Amino acid sequence: MDFRFDIIVHYLPVLLKGTLFTIGVSLVSILCGSILGLVIGFGKMAPRWYFRWPFHAYINIFRGTPLYVQILIVHFGLIPLFYGKTYALMSAFVALSLNSAAYSAEIFRAGIQSIDPGQREAALSLGMTKLQAMRFIILPQAIKRMVPAFGNEFIVLVKDSSLLALIAAPEIMYWSNTMKGQYLRIWEPYLTAALIYFILTYSLSKLLNYIERKV
Amino acid sequence: MEPIISVKHLHKSFGAHKVLTDISVDIHSREVVVVIGPSGSGKSTFLRCLNLLEQPQEGDIIIEGTSLMAKSTRINDIRTEVGMVFQQFNLFPHKKVIENIMLAPMQVRKWPADKARQKALELLQKVGLSEKAEMYPASLSGGQAQRVAIARALAMEPKIMLFDEPTSALDPEMVGEVLAVMKDLASEGMTMVVVTHEMGFAREVGDRVLFMEQGIVVEQGVPEQLFGNPSHERTREFLSKVL
Ligand SMILES: Nc1ncnc2c1ncn2[C@@H]1O[C@H](COP(=O)(O)OP(=O)(O)OP(=O)(O)O)[C@@H](O)[C@H]1O
Ligand SMILES: [Mg+2]
């Protein structure tokens, strides 16, 4: 088998751009997803069922359907609904953020509910408000427990962003597919893509290990 | 004299399960009231109603003239006057001992840090743990942790202290050090409501003992009378098992 490094070299500039796109879309999505997820996570812990219900439904729908389908619905349905036509970049951010929010919400909820109720009771018994108890007592302990789960979610998100090639968002997989189309070769484009993803997720997991030790 | 705590016809259920039935008790300032009774009789629930960690369905609790059930009452204000000590200590594990004690005075009473620190150090000295100030709770023994928890509650300068089986989670050799701190507190005139299985403490320190069973205060009286000559058969039965 001959392995043509020259075509990889030829495609390297666009693959690097694709890598930056993947990193960018993942970063923004994990950020927006976490913020939205925090709201949804708290919503799901609301004391009354009719407040809880919409958040509960959101999480179930986004976890219960494939990201593949969600990307298509956002790209061909949701975005045109608002803007008249569709934009791959916007669809990419929106679909990944909405999806990531559902998983983040569960991480927040599980983290907060894993803290012994006695902690909250002790805080309240000292005269603290619910908000103070959350801020000074529950969240600092819960966040520590959430870090590994968030790291995991982040890594999954980076890999899942490859599905965005579907809507021609110019990320790593999109450019590998183009490369395959141009040269009609299999190993070079896909092995290169796999290697780039691996380098991304491996550095990410090293970084997360470091953060875990820090907090 | 007006009682500092007045409980009137209190009812509490969890769903269909009735836990407290028509409890009426007056507690006076400087009084030490000990609550005894079998497991599941509602002692903890009663205590937790006194600072609204549990919300009763019926009746009223009046603390220093303020009804806890009134809509206008700010429960956080009441809780600053009512300290609570838990069976499981519930220290904040992510904060040092001294930070555990300083947090509420600073956040709730808005004390400056140096005033809160001063108070915390005084209290640590009082419970005999000055040298543990900069440690984390995980490094304390059970008895030490409970003494820190008492100091933490006292830092808010409460008028009333509630204790829910403060020595039940301790190894036997550590029970004494915690009871000693509680005795000190009682002799300084703190109003205390103590749920405990330590009958020696009840006899020695209690001004009054309540015997609860199945959500009812069956009998109450001064320790000599309740322990020496209980008037109810159920009290007698319970005491024969624990004494
Ligand atoms: N949050 C709750 N939800 C449902 N039932 C509860 C709850 N808390 C307590 N109970 C029930 O209420 C009853 C009284 O409980 P409580 O804890 O007040 O008893 P206790 O006298 O303190 O017992 P122990 O000596 O075991 O601590 C028990 O039957 C208990 O199962
Ligand atoms: Mg109890």
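As the structure is a prediction and not an experimental result, all values here were calculated from the model.

With respect to the overall build of chain B
Moving on, step 1. Broken down by element type, chain B carries nine helices and ten strands.
Moving on, step 2. Its C-alpha atoms give chain B a radius of gyration of 18 Å, within 12% of the compact-globule value 18 Å for 243 residues.
Moving on, step 3. Each of the three principal axes of chain B carries a C-alpha extent, and together these read 55 × 45 × 35 Å.
Moving on, step 4. A buried classification covers 57% of the 243 residues belonging to chain B.

Quick look at the UniProt feature "transmembrane region" (unreviewed entry) in chain A
Residues and elements named next belong to chain A.
Moving on, step 1. Following the UniProt record, one finds the feature "transmembrane region" (unreviewed entry) at residues 20–43, 64–83, 154–175 and 187–205.
Moving on, step 2. Secondary structure content for residues 20–43 is 100% helix and 0% strand, and the end C-alpha separation is 34 Å.
Moving on, step 3. Annotated as 50% helix and 0% strand, the span residues 154–175 places its first and last C-alpha atoms 22 Å apart.

Quick word on the pattern of salt bridges
Moving on, step 1. A full pass over the atoms with the stated rule returns 21 salt bridges over all chains.
Moving on, step 2. For the salt bridge of Glu106(A) with Arg109(A), the shortest nitrogen-to-oxygen distance reads 3.1 Å. A residue pair is termed a helical-turn pair when its members lie 3 or 4 positions apart in one helix, as Glu106(A) and Arg109(A) do in helix H4 (residues 88–113) at three residues. Arg109(A) carries the same exposure label as Glu106(A), and that label is buried.
Moving on, step 3. As a salt-bridge pair, Arg208(B) and Glu31(B) come within 2.9 Å of each other at their nearest N and O atoms. Here Arg208(B) is found in strand S9 (residues 208–213), whereas its partner Glu31(B) is found in the loop between strand S2 (17–27) and strand S3 (32–36), with 177 residues between them in sequence. There is no split in this pair, since Arg208(B) and Glu31(B) are both buried.

Concerning the pairing of strand S1 (residues 5–14) of chain B
Residue and element names in this part refer to chain B.
Moving on, step 1. With seven of ten residues buried, S1 lies mostly within the body of the structure.
Moving on, step 2. Here S1 pairs with S2 via seven bridges, running antiparallel. Its bridge partner lying in S2, Lys12 is registered against Leu20.
Moving on, step 3. Turn length for the S1-S2 hairpin, with the two strands adjacent in sequence and antiparallel, is two residues, and the turn residue Gly15 shows positive phi of about 60°.
Moving on, step 4. Two strands pair when backbone bridges link them, and S1 and strand S4 (residues 58–63) are joined in this way by five bridges, in the antiparallel orientation. When the bridges of S4 are listed, His11 appears paired with Glu58.

Things to note about the interface of chain A and chain B
Moving on, step 1. Listed per partner, the contact involves 17 residues of chain A and 23 residues of chain B.
Moving on, step 2. Across the chain A/chain B interface, buried area totals approximately 1700 Å², and carbon plus sulfur atoms make up 62% of it.
Moving on, step 3. Along the contact surface separating chain A from chain B lie one salt bridge.
Moving on, step 4. Our enumeration of links across chain A and chain B arrives at six residue pairs in polar contact (both at pLDDT 80 or more).
Moving on, step 5. Elements that contribute at least two residues to the side of chain A that touches chain B include exactly helix H5 (117–125) and helix H6 (130–160) of chain A.
Moving on, step 6. Tallied by class, residues from the side of chain A that touches chain B come to eight nonpolar, seven polar and two charged.

Here's the deal with the UniProt feature "domain: ABC transmembrane type-1" (unreviewed entry) in chain A
Moving on, step 1. In the numbering adopted here, UniProt assigns the feature "domain: ABC transmembrane type-1" (unreviewed entry) to residues 19–208 of chain A.
Moving on, step 2. Annotation note: span residues 19–208 of chain A, helix share 84%, strand share 0%, distance between end C-alpha atoms 20 Å.

Quick word on the side chain of Ser176(A)
Moving on, step 1. Of note, Ser176(A) is situated in helix H7 (residues 172–183).
Moving on, step 2. Apart from residues no more than four positions distant in its own chain, Ser176(A) is found in contact with Leu15(A), Pro189(A), Tyr190(A) and Ala193(A).

Focus: helix H8 (residues 187–214) of chain A
All names here are of chain A.
Moving on, step 1. For H8, built from 28 residues, the straight-helix expectation of 40 Å at 1.5 Å per residue is met to within 8% by its first-to-last C-alpha distance of 40 Å.
Moving on, step 2. Residues of H8 that are buried: Glu188, Pro189, Thr192, Ala193, Ile196, Tyr197, Leu200, Thr201, Leu204 and Leu208.
Moving on, step 3. Residues of H8 that are buried sit in contact with helix H1 (5–44), H6 and H7.

Side note on the environment of Lys214(A)
Residue and element names in this part refer to chain A.
Moving on, step 1. Tracing the backbone shows Lys214 in helix H8.
Moving on, step 2. Residue classification places Lys214 among the exposed residues on the basis of a relative accessible area of 60%.
Moving on, step 3. Separated by 70 residues in sequence, Lys214 and Lys144 have C-alpha atoms that sit 9.8 Å apart.

A closer look at the site of ligand 1
All names here are of chain B.
Moving on, step 1. Close contacts around ligand 1 come from Phe14, His17, Val19, Pro38, Ser39, Gly40, Ser41, Gly42, Lys43, Ser44, Thr45 and Glu165, and that covers them all.
Moving on, step 2. A distance of 3.2 Å is found between an oxygen atom of ligand 1 and a backbone nitrogen or oxygen belonging to Ser41.
Moving on, step 3. Ser44 has a polar side-chain atom sitting 2.7 Å from an oxygen atom of ligand 1.
Moving on, step 4. Protein contacts shield 60% of the accessible area of ligand 1, which totals 630 Å² for the unbound molecule.

Rules and cut-offs
- Residues numbered from 1 in each chain as written.
- Chains lettered and ligands numbered in written order.
- Predicted model: local features only at pLDDT ≥ 70, side-chain atom pairs only at ≥ 80, totals over all residues.
- Heavy atoms only, no water.
- Helix = DSSP H or I, 4+ residues; strand = E, 2+ residues; numbered from the N terminus.
- Rg over C-alpha atoms; globule rule 2.2 N^0.38 Å.
- Buried < 20%, exposed > 50% of the residue type's maximum accessible area, 1.4 Å probe, protein only.
- UniProt positions renumbered as here; feature names shortened; annotations may be inferred.
- Salt bridge = Lys/Arg side-chain N within 4 Å of Asp/Glu carboxyl O.
- Pairing = 2+ DSSP bridges.
- Contact = heavy atoms within 4.5 Å.
- Buried area = accessible area lost by both parts, 1.4 Å probe.
- Polar contact = N/O pair within 3.5 Å; in protein donor to acceptor, adjacent residues only side chain to side chain.
- Nonpolar A, V, L, I, M, F, W, Y, C, P; charged D, E, K, R; others polar.
- Expected span 1.5 Å × (residues − 1).
- Near = heavy atom within 4 Å.
- Areas by Shrake-Rupley, 256 points an atom, 1.4 Å probe, with all protein chains shown as cover.

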